[in-house]
Every structure is written in structure tokens, then in C-alpha cells.
Amino acid sequence: MTQGPARIRLAMFVAVLVAVPGVAQTVLPKIDVTAPKWEERHGGYLISSNFQVDPHMSAVVYPAEPFQKDDILSVRLTQIKDDEYFVLQECITPDCTQAQILRVWTARGALGITAHQQDRVWIPHEGKFFMWMQRFPMSGFRSGTFTGYEAFSPPLVLNPTGTPEQFHATDVKAAQERGPVRVVSSDHDGSSFVLRFEGGTAVLIQRMHAVE
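This structure is a prediction, so every number in the text was calculated from the model and none was measured.

S.K.: Describe the pattern of salt bridges, listing the residues and the values that go with them.
M.R.: Throughout the structure, instances matching the rule amount to four salt bridges. Among the salt bridges present, the one from D71 reaches R207, with a minimum N-O distance of 2.7 Å. Of this pair, D71 sits in the loop between β6 (61-63) and β7 (72-78) while R207 sits in strand β18 (residues 202-210), and the two are 136 residues apart along the sequence. For the pair D71 and R207, one class covers both residues: buried. E198 is the partner of R182 in a salt bridge, and the nearest nitrogen-oxygen pair spans 3.0 Å. With R182 in the loop between α3 (172-178) and β16 (183-189) and E198 in the loop between β17 (192-197) and β18, the pair connects residues that are 16 residues apart, well separated along the chain.

S.K.: Give me the lowdown on the packing of aromatic side chains, citing residues and values where you can.
M.R.: A complete count under the given rule lists nine aromatic pairs for this structure. Note on Y85 and F146: the rings are 6.2 Å apart at their centroids and 40° apart in plane angle, and the pair reads as tilted. Of the two residues, Y85 sits in strand β8 (residues 84-91) while F146 sits in the loop between β12 (129-135) and β13 (148-149), which places them 61 residues apart along the sequence. What makes Y85 buried here is its relative accessible area of 2%. The class of F146 is buried, set by a relative accessible area of 0%. Measuring from centroid to centroid gives 6.2 Å for F86 and F197, while their planes differ by 75°, and the two rings are edge-to-face. One end of the pair, F86, is in strand β8; the other, F197, is in strand β17, with 111 residues separating them in the sequence. Overall, F86 belongs to the buried group, its relative accessible area being 0%. Judged by relative accessible area, which is 2%, F197 ranks as buried. Feature note: the residues F51, F67, F129 and F193 constitute an aromatic cluster, connected by ring pairs.

S.K.: Any chance you could break down the state of the cysteines for me, citing the residues and the numbers?
M.R.: The full count for this structure, using the stated rule, is one disulfide. Between the sulfur atoms of C91 and its disulfide mate C96 the distance is 1.9 Å. Here the S-S torsion is close to -70°, and the disulfide linking C91 with C96 is therefore left-handed. Comparing C91 with C96, the two get one shared label, buried.

S.K.: So, the pairing of β18: which residues are in play, and what are the values?
M.R.: A large share of β18 lies buried, amounting to seven of its nine residues. Pairing analysis gives four bridges linking strand β4 (residues 45-48) to β18, with the strands arranged antiparallel. Bridge pairing in β18 links Y45 to A210. Judged from the seven bridges that link them, β7 and β18 form a sheet pairing that is antiparallel. Directly across from L73, in β18, lies its bridge partner R207. When β17 meets β18, the two strands line up antiparallel, connected through four bridges. Its bridge partner lying in β18, V194 is registered against L204. Counted between consecutive antiparallel strands, the loop separating β17 from β18 contains four residues, among which G199 sits at a positive phi close to 105°.

Definitions and cut-offs
Along each chain, residue indices are assigned from 1 in the same order as the chain's sequence is written. Per-residue local features are limited, in this predicted model, to residues with pLDDT of at least 70; the limit for side-chain atom pairs, both in listing and counting, is 80 or more; totals at the level of whole chains, interfaces and linings are taken over all residues. Calculated side-chain values reflect all of the structure's heavy atoms, with hydrogen atoms and water omitted. Salt bridge, as used here, is a side-chain nitrogen of Lys or Arg placed within 4 Å of a carboxyl oxygen of Asp or Glu. Helix and strand assignments follow DSSP, with helices taken as H or I runs no shorter than four residues and strands as E runs no shorter than two, numbered in order from the N terminus. Think of it in three bands: residues with accessible area under 20% of the maximum for their type are buried, residues over 50% are exposed, and the middle band is partly exposed, with areas taken using a 1.4 Å probe on protein chains only. When the centres of two rings from Phe, Tyr and Trp lie within 6.5 Å, Trp using its six-membered ring, the rings pair. Their planes under 30 degrees apart give stacked, over 60 give edge-to-face, and anything left gives tilted. Our working definition of a disulfide is a cysteine sulfur pair at a distance within 2.5 Å. Should DSSP find at least two bridges between two strands, the strands are regarded as paired.

All quantities given are derived from atomic positions and should not be read as evidence of function.
Next comes the structure, spelled out in C-alpha cells:
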């Protein structure tokens, strides 16, 4: 039986996660090359743009060094469209065949979040966290984004919740089969990591780590 695009992406994603080391470091014979850091200190935090786009799956973004408990992820979006959803997800099984979504941002803010600082997420524990963007085009329907999502799903899968009219105007399965939106460029702008996606949306992310 021929595998569908979504199943193939999942297999690639799991293989990449298994291969990625715990720290962003390349070890060569008698040479130890460590990834450069882009960071600043402010308000008791070390603020860093030390992220990277996966070289094999150009839609997936990781922290170059694993998040630690109580780290803060800061996310700012510009020019995001009504049909775009920026996702923070975490592996919850050792082989990462299942994952949990911690936050989804849209043009209207973070879904299901009423906190004042919707652009920040406190990391609850160490783990494999990654970010990506999904697009759910809606035809002839202008009542806004989906209003929620299922917390648990395979990696790189966003199952939205909303009104019957929204699902009638959107082919969710087809959008999921197309997969996440590709990152066309990334750059370190001081302590911000700037992502630009197909379609023009830009996302600025920072990692904030408390310093003693």
C-alpha cells in the first residue's frame, strides 16, 4: 500500500528527532565546534535567539539547546493571515509518535488563552519541543479563525475545533495532508530569531532563561 504524504512526513520527523543530539554541538576528531549564541541579559533573564530550522524538514523549528524547566518562549507574529496557525508542540512518547500542543497563535491571538501576556509560554519541564505553522484555507467564509484545538495529536498535526460553518468552508484533511508551511528564510536579529514563511508571515521568537 502506498503511504500518504502525512504518514511519510511523520516517519521522517520521528527519524530526525531520534538523530538530533541533546545539544547543538558538532564533534569532529580533536575538534569541538559549538554553535554560536546570540543573547543578551535583561531583567534577570538571559534572552537568546539560539534556535534552528530543521535542515531536513524546513517547516520545523527547534531550540538549538533543549528547553529547561521554567524557561520562557516569547513569540511575536507579524503579517499573519486569518488562515494561519503557529504551533508549539512537545513529544510525549519516547519515539515521538504522539505529541501535545502547548499553544497555538493566530491573527487574533493565542487560542484559549486569556492571560495578559499571550505571547509568552512558560516551559513546564525539559523535553522535545518544536514549532511549526499550519494553514487552513477557508473559501467564501469570513467569520475568523478556528476557536480551539485538540491538545493531543501526532507530531505536526493540528486538529482544530470550531463551528460547523467553519468546517464546511475548510477541507481540514486536505490541509493536513499538505503539511506545515515551509520556512523560506531565518536569521538571528540580535536576541530574536526571525522566521519568514511562504506567504509572507514573519515570526520572531526568543528564549528567556532565568539567571542567578
